[in-house]
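Fold and geometry: a report
As a plain string of letters, each chain reads:
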Amino acid sequence: MLEKGAPDSVLLAAHRAALQIGEVHLSINLRIPPPLRKFTEGRDSFASTAGNLAELFDALEKEFPGIKKNLCQADGSPQRFVNIYVNDEDIRFLGGAGYRFHDGDEVLLVPAIAGGCASTL
Amino acid sequence: MTYALHLKCRECARTYELEPLAACSDCWAPLEVVYDYGRIWSDVRRQDLAARPATMWRYRELLPLKGDPWVGRFTGFTPLVPAPRLARALGLGELYLKNDAVNHPTLSFKDRVVAVALSKAHEFGFETVGCSSTGNLANAVASQAAAGGFHAYVFVPADLENEKIVATEVYGARVVKISGNYDQVNRLCSEIAEKYPWGIVNVNLRSYYSEGSKTLGFEVAEQLGWRLPQNIVIPMAGGSLITKVQKAFDELKQLGWVEPRPTRFFGAQATGCSPITTAAKRGTPEIEPQKPHTIAKSLAIGNPADGYHAVKAILASGGAGEDVTDEEIVEGIRLLAETEGLFTETAGGVTVAVARKLARAGSLRADESTVLAITGNGLKTIGAVSGAAQESAVIRPKLAEFEEHYLSVEHAHA
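Residues numbered from 1 in each chain as written. Chains lettered and ligands numbered in written order. Predicted model: local features only at pLDDT ≥ 70, side-chain atom pairs only at ≥ 80, totals over all residues.

Before going further, it helps to spend a moment on the overall build of chain B. Counting secondary structure elements, chain B contains 15 helices and 13 strands. Taking 22 Å as the expected radius of gyration for a compact globule of 414 residues, we find that chain B reaches 21 Å, a close match to that expectation. Of all intrachain contacts in chain B linking residues separated by at least 6 positions in sequence, the fraction that spans at least 24 positions is 69%. (Helix = DSSP H or I, 4+ residues; strand = E, 2+ residues; numbered from the N terminus. Rg over C-alpha atoms; globule rule 2.2 N^0.38 Å. Contact = placed C-beta atoms within 7 Å.)

Written as structure tokens, this is what we have:
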């Protein structure tokens, strides 16, 4: 245990050590829009420790078997007509599949051409 | 009575009922309206159209309404203007301008798509309508919503030209200014369309809205004497217009109303927002989004929803995508004004400047027919040319001062 008032350099070293031994966990929150909730049993959000997009898709598939084929093309890249945002920024501006999530990232899936429900007014 | 059969996914071909749906729930690709072309062919003769009103509704069998239009009754059938002086300046021969800068009621081609969307909104029973917009759509929705008795919410980027915002607010629509670019505004509209029972014309009504663009193509063909142009240059924002004009030409060929001649489609963008033309130049329909930086705000969509299909339309036709700088856009506006007396907004400047670039490169040829789509009025983007126009000196009401300040200048130009 660190003493109260320990110098910043000591705190920083301790945090780095904690990361290395896995004591600090990455957690992101995926917001799921209405058109996709039929695949998630109605859930509108999904917390995950996935480190990047591929891991996130795998985590979703594990939780909701069959969802991945509606989100990904055959090669694992996102469906052409689904946009992915991280903290309101299009993930393609952040490096796309190569982007590594940060703790607390808010991820949003949005169909590119969105809107509509099958029931008429 | 309608000849529309159903909605169909453009990628996986799954079909849906004619409801306010815009995207396939399997692959998220856009849906489009499919018509009973066989029945249209047998019920409608091309020569019957000549007696119909000079509006976009003369092609009603190829539009998705069940009954008469609720709004936009006088929209469309804008002039197709021969442009010999501009042609000479560009080194082209047979050149025409499809002048939607004078479309009714709000002076842009968006009046067409809104007339269809809001008429469908009425058929679906929506009481509140809306849109996300770079300007022209805002004007059109606000105007036609007022005329149709709808409540309206219009979502725009906060830095839109003031004349476009004023020309939207005046109709009584609620204008929601968003601190962000169009793509961010559109995303919000998607969330709103999911949550509220509103008809957002370019979101949940998009499949019907986009059909209105076909009428620009139908009119060009009819006004050329039921003949397709060999080339057409069309500005691109979301990418819908160019794909629907191509659909229009294909439908006319399918009905046998025109000779099956090919048309090369050229898509025009500003270099400062050129995701579609960049992809077209690379020869791939895969779009990489951009952050827009251009005075052509009406085309400033960095993540175009129909970009993929726009590139496919361009490449399949043997055409090309080309883009121009902001400086060239202003030159394009002035060139059109000074040669043919038509004042277009920045999107029209893009089209003219791109045509000039294509002509210089030999992609547009002097021995072929070319149409330029002039999609909006110059009064909507006055700021873009202010300062670039020749400044006039203020003189006292004296003949000598006029002769000194103006006639001497004229003589210098003579």
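Here we come to the overall build of chain A. In terms of helices and strands, chain A carries 3 helices and 5 strands. In chain A, the order of α-helices and β-strands from amino to carboxyl end is α-β-β-α-α-β-β-β. The contacts of chain A with a sequence gap of at least 6 include a subset with a gap of at least 24, amounting to 44%.

For the rest of this paragraph, the subject is the nonpolar core. Residue and element names in this part refer to chain B. One finds V141 and V154 to be the most contacted residues of the largest nonpolar core, which totals 143 residues. Looking at this core, the element that brings in the most residues is helix 13 (residues 346–361), giving 8 residues. Setting aside chain neighbours within four positions, we find V141 in contact with V114, V129, G130, C131, A152, V154 and V201. (Core = buried A, V, L, I, M, F, W, Y, C linked by C-beta atoms within 7 Å. Buried ≥ 20, exposed ≤ 12 C-beta atoms within 10 Å, placed from the backbone.)

Residues and elements named next belong to chain B. Taking 1.5 Å of rise per residue, 13 residues should cover 18 Å, and helix 4 (residues 136–148) covers 18 Å from first to last C-alpha, within 8% of that figure. For helix 4, the tally of buried residues reaches 10 of 13 residues, placing the bulk of the element in the interior. Taken together, the buried positions of helix 4 are occupied by N136, L137, A138, N139, A140, V141, A142, S143, Q144 and A145. Where helix 4 is buried, its residues contact helix 3 (110–124), strand 6 (128–132), strand 7 (151–157) and helix 5 (162–169). Positioned one or two residues after helix 4, G149 has a phi angle of 75°, which is positive. (Expected span 1.5 Å × (residues − 1).)

In this section: the sheet that holds strand 13 (residues 369–374) of chain B. Residue and element names in this part refer to chain B. What the 6 strands build is an open sheet, ordered 4-5-13-10-11-12; its pairing is mixed. A strand with exactly one partner marks an edge of an open sheet, and here the two such strands are strand 4 (80–82) and strand 12 (320–324). Shown here is a sheet whose adjacent strand axes are inclined to one another by a mean of 25°, direction ignored. One ladder, built from 3 bridges, connects strand 10 (residues 231–235) with strand 13; its direction is parallel. Across the sheet, the residue bridging to I232 is V371, located in strand 13. Helix 9 (residues 240–255) contacts strand 10 and strand 11 (264–270) of the sheet and is inclined by roughly 150° relative to strand 10. (Pairing = 2+ DSSP bridges. Axes fitted to C-alpha atoms, helices over the stretch in contact; angles between N-to-C directions.)

Looking at chain B, the pLDDT average stands at 94 and 98% of residues meet or exceed 70. Interface predicted TM-score (ipTM) for the complex: 0.82; the corresponding pTM is 0.91. (pLDDT = per-residue confidence, 0-100.)

Facing the 28 residues of chain B at the interface are 21 residues of chain A. The leading source of residues in the side of chain B that touches chain A is helix 6 (residues 182–195) of chain B, at 4 residues. Split into classes, the residues belonging to the side of chain B that touches chain A amount to 17 nonpolar, 5 polar and 6 charged. (Nonpolar A, V, L, I, M, F, W, Y, C, P; charged D, E, K, R; others polar.)

Residues and elements named next belong to chain B. In this structure, strand 1 (residues 4–9) lies alongside strand 3 (residues 31–35), joined through 5 bridges in antiparallel fashion. Looking at strand 3, one finds that A4 is bridged to Y35. Relative to strand 2 (residues 15–16), strand 1 runs antiparallel, the two sharing 2 bridges. Directly across from K8, in strand 2, lies its bridge partner T15. Here strand 1 hands over to strand 2 after 5 residues, with A13 in that stretch at a positive phi of 70°.

All names here are of chain B. Their axes nearest at 7 Å, the elements helix 8 (residues 214–223) and helix 9 cross at an angle of 50°. The orientation of helix 8 with respect to helix 9, classified from their angle, is oblique. Here helix 8 runs over helix 9; the crossing is right-handed. Where helix 8 abuts helix 9, its residues K214, L216, G217, F218 and A221 lie against K244, V245, K247, A248, F249 and L252. Its residues placed into classes, the contact of helix 8 with helix 9 shows 7 nonpolar, 1 polar and 3 charged. (Parallel < 35°, antiparallel > 145°, perpendicular 65-115°, else oblique. Left-handed = near helix turned anticlockwise from the far one by under 90°.)

As a further point, take helix 13 of chain B. The terminal C-alpha atoms of helix 13 of chain B lie 22 Å apart, and with 16 residues this matches the ideal 22 Å at 1.5 Å per residue to within 8%. Following helix 13 of chain B by one or two positions, G362 of chain B has its phi on the positive side, about 85°.

Examined against the element boundaries, A337 of chain B turns out to sit in helix 12 (residues 326–340). Aside from chain neighbours lying at most four places away, what touches A337 of chain B is L342 and F343 of chain B.

Looking now at the sheet that holds strand 3 of chain B. Two orientations exist for strands paired in a sheet by backbone hydrogen bonds: parallel and antiparallel. Read across the open sheet, the 3 strands follow the order 2-1-3 (chain B); overall the sheet is antiparallel. In the strand order of this sheet, the two ends are held by strand 2 and strand 3 of chain B, each with one partner.

Between H104 of chain B and the following residue, P105 of chain B, the backbone shows a cis peptide bond with an omega angle of 10°. With respect to the helices, strands and loops of the structure, P105 of chain B is situated in the loop between strand 5 (94–99) and helix 3. Positioned with a positive phi, D88 of chain A is a non-glycine residue whose angle comes to about 70°. Tracing the backbone through its elements, the reader meets D88 of chain A in the loop between strand 3 (82–86) and strand 4 (89–90). Note on D88 of chain A: 10 C-beta atoms within 10 Å, which makes it exposed. In the Ramachandran plot, L107 of chain B falls in the positive-phi region, its phi being about 65° despite a non-glycine side chain. Relative to the assigned elements, L107 of chain B resides in the loop between strand 5 and helix 3.

Turning next to the environment of V350 of chain B. Residues and elements named next belong to chain B. As for its position among the elements, V350 is in helix 13. In the structure, V350 is positioned 82 residues away from A268 in sequence and 6.4 Å away in space, judged by C-alpha atoms. Setting aside anything within four residues of it in sequence, one finds V350 in contact with P235, A268, Q269, A270, A296, L299, V324, I329 and G332.

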